[in-house]
Amino acid sequence: MTTLETRYHDVLQSIQQTAQQAKRNPDDINLVAVTKTWPVETILEAYAVGMRHFGENRAEELAEKRPLVETQLGSDSGIVWHFIGTLQSRKTNLVADFADTFHALDRLKIANRLSRQLQENGKASTRHLPTFLELNVSGEMSKSGVNATDWENSATQRQEIRTFGETVAKLPGLSLQGLMTMAPWEADPDFIRTVFKRTRLLAEWLQEEMGLERPLALSMGMTDDYQLAIAEGATHVRVGRAIFGERQTY
Ligand SMILES: *Cc1c(COP(=O)(O)O)cnc(C)c1O
């Protein structure tokens with residue numbers, strides 16, 4: 001086995017074990033292989049060993065790599081392209097054109113632009129983009145994400161999140177798939193786990209408030225903390241380094 005294949009199998013096995021320990025079905029957990037900074041050849045190699053979900057965090061990089069991969073594998077390869085990074089409003093068209101799922105919606109302005117472009121670009125029928133709202137639960141990570149740092153105590157924060165969720169659910173082209181969060185860097189595991197747990201509880205609250213039939217998905221967990229995230233209910237883990245090794249710098 002190649003190093004890539006070995007690492008991939010190790011991650012799959014770890015997902016399986018962690019899910020079983022948490023009494024969850026491993027099939028409910030989607031592994032998004034984060035290929036940012038890695039060349040198209042690496043994606044093709046990853047595809048050959050079975051990976052189908054790929055994550056990119058820069059819009060230009062997604063727009064460049066996806067067509068190159070499709071030149072090799074065709075457009076019906078079964079690959080799902082996840083855009084996981086913060087999106088600037090002048091680049092929404094790239095995500096509307098090239099992403100199959102968007103994990104980091106943090107502003108209404110971005111949602112409105114995406115919706116308009118998805119309707120325009122889909123020509124005959126509107127292109128459909130399942131979307132996760134990015135929540136800033138820990139308050140430590142960065143400025144990105146809707147403020148949910150004190151959602152349990154703050155009616156204002158809850159109202160804002162609810163309104164955002166309802167708006168996104170209604171916008172043509174977008175559907176509300178779930179919530180996404182980032183754990184703080186270098187925090188202790190208990191603290192990180194609490195952030196994931198609070199995100200899950202927020203998703204459960206929002207599902208009930210919105211009267212949704214199905215639970216919201218949860219995009220949380222990266223190389224250093226995906227096991228903690230799975231223990232707290234993650235349905236999508238975004239893993240780069242554990243599969244591909246340390247990234248090359250841009
Ligand atoms: C880079 C990145 C990841 C993957 O990080 P690793 O530590 O390499 O697993 C996950 N999510 C987002 C938003 C990222 O930018």
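The structure presented is a predicted model; accordingly, all values stated were derived computationally and were not measured.

Cut-offs applied
Residues numbered from 1 in each chain as written. Predicted model: local features only at pLDDT ≥ 70, side-chain atom pairs only at ≥ 80, totals over all residues. Heavy atoms only, no water. Near = heavy atom within 4 Å. Polar contact = N/O pair within 3.5 Å; in protein donor to acceptor, adjacent residues only side chain to side chain. Helix = DSSP H or I, 4+ residues; strand = E, 2+ residues; numbered from the N terminus. Expected span 1.5 Å × (residues − 1). Buried < 20%, exposed > 50% of the residue type's maximum accessible area, 1.4 Å probe, protein only. Salt bridge = Lys/Arg side-chain N within 4 Å of Asp/Glu carboxyl O. Contact = heavy atoms within 4.5 Å.

Some words on the site of the ligand
Okay, so step 1: The full set of residues close to the ligand is V34, K36, N57, I84, M182, M222, T223, R238, V239, G240, R241 and R247.
Okay, so step 2: Contacts to the ligand include R238, whose side-chain N or O atom sits 2.9 Å from a nitrogen atom.
Okay, so step 3: In the model, an oxygen atom of the ligand is placed 2.8 Å from a nitrogen or oxygen of the G240 main chain.

Brief notes about helix α3 (residues 59-73)
Every α-helical turn comprises 3.6 residues, leaving residues that sit three or four positions apart pointing alike.
Okay, so step 1: The end-to-end C-alpha separation of α3 is 21 Å, in line with the 21 Å expected for 15 residues at 1.5 Å each.
Okay, so step 2: Buried within α3 we find A59, E61, L62, A63, K65, R66 and V69.
Okay, so step 3: Where α3 ends, the next residue or the one after it, G74, has phi of about 85°, a positive value.

Examining the pattern of salt bridges
Okay, so step 1: One pass over the structure, following the stated rule, counts 14 salt bridges.
Okay, so step 2: For R162, the salt bridge goes to E166, with nearest N and O atoms at 2.9 Å. Taken together, the positions of R162 and E166, both in helix α6 (residues 155-170) and four residues apart, correspond to about one turn of that helix.
Okay, so step 3: Between R241 and D224 there is a salt bridge, with the nearest N and O atoms lying 3.0 Å from each other. One end of the pair, R241, is in helix α9 (residues 241-244); the other, D224, is in the loop between β8 (217-219) and α8 (226-231), with 17 residues separating them in the sequence.

As for the side chain of R66
Okay, so step 1: Within the secondary structure, R66 sits in helix α3.
Okay, so step 2: Sequence-distant contacts of R66, defined by excluding residues within four places in its chain, comprise W81, F98, A99 and D100.

Without other data, these values stay purely geometric and don't point to any function.
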